Amino acid sequence: MGNIRRLRYEGTTAKNLERGKEYTYREFAEEANVGYRCMVSRLHNKRFVSDKELEPLNAHKIPKAWRNEPVLDNSRFEHPFEMVSQKWLSKRL
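Residues numbered from 1 in each chain as written. Predicted model: local features only at pLDDT ≥ 70, side-chain atom pairs only at ≥ 80, totals over all residues. Heavy atoms only, no water.

Participant: Outline the nonpolar core, supporting the account with residue identities and numerical values.
Facilitator: Among the nonpolar cores identified, the biggest contains 15 residues, and Tyr-9, Leu-17, Phe-28, Met-39, Leu-43, Val-49 and Leu-54 are the most heavily contacted of them. Elements that contribute at least two residues to this core include exactly strand E1 (6–9), helix H1 (25–32) and helix H2 (36–42). Ignoring sequence-local partners within four residues, the contact set of Leu-17 consists of Tyr-9, Tyr-23, Phe-28, Glu-31 and Leu-54. (Core = buried A, V, L, I, M, F, W, Y, C linked by side-chain atoms within 4.5 Å. Buried < 20%, exposed > 50% of the residue type's maximum accessible area, 1.4 Å probe, protein only. Helix = DSSP H or I, 4+ residues; strand = E, 2+ residues; numbered from the N terminus. Contact = heavy atoms within 4.5 Å.)

Quick look at the structure:
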């Protein structure tokens, strides 16, 4: 048996999830009302989960006025040294 992977939720609109807490794929799938395997494929190689990943299956049918806007204040980096490293790696030679 493998370890159960837990991801941190960084969104704002989910009713049953709290920002900053860690949840399993199954808990995210229940919140998004999608299947477990669908949620695993959505969250593959993610460090945290935003509201964008929790959209329902037929999101293309939802009017733009109802869609979630991208969260721009979240960083994909977990530690400050990762941000500094990326800043230096992005500089032109």
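Alright, that's what it looks like, and here's the rest.
Participant: Please provide a residue-by-residue account of the side chain of Glu-82, values included.
Facilitator: Along the chain, Glu-82 turns up in helix H3 (residues 80–89). Ignoring sequence-local partners within four residues, the contact set of Glu-82 consists of Arg-47 and Phe-77.

Participant: So, the pairing of E1: which residues are in play, and what are the values?
Facilitator: Each regular strand shows side chains that alternate between the opposite faces of the sheet. Sheet topology places E1 next to strand E2 (residues 22–24); three bridges connect them, and they run antiparallel. Following the sheet pairing, Leu-7 is matched in E2 by Tyr-23. (Pairing = 2+ DSSP bridges.)

Participant: I'd like to hear about the packing of aromatic side chains, residue by residue, with values.
Facilitator: This structure, assessed with the given rule, holds three aromatic pairs. For the pair Tyr-9 and Phe-28, a centre-to-centre distance of 6.4 Å together with 45 degrees between the ring planes defines the contact as tilted. Pair noted here: Tyr-9 is in strand E1 and Phe-28 is in helix H1, with a separation of 19 residues, a long-range link. Summarising the burial analysis for this pair, Tyr-9 and Phe-28 share the class buried. Ring plane angle 70 degrees and centroid distance 5.8 Å describe the contact between Tyr-23 and Phe-28, whose orientation is recorded as edge-to-face. (Phe/Tyr/Trp six-rings, centres within 6.5 Å; stacked < 30°, edge-to-face > 60°.)

Purely geometric numbers; function is a separate question.
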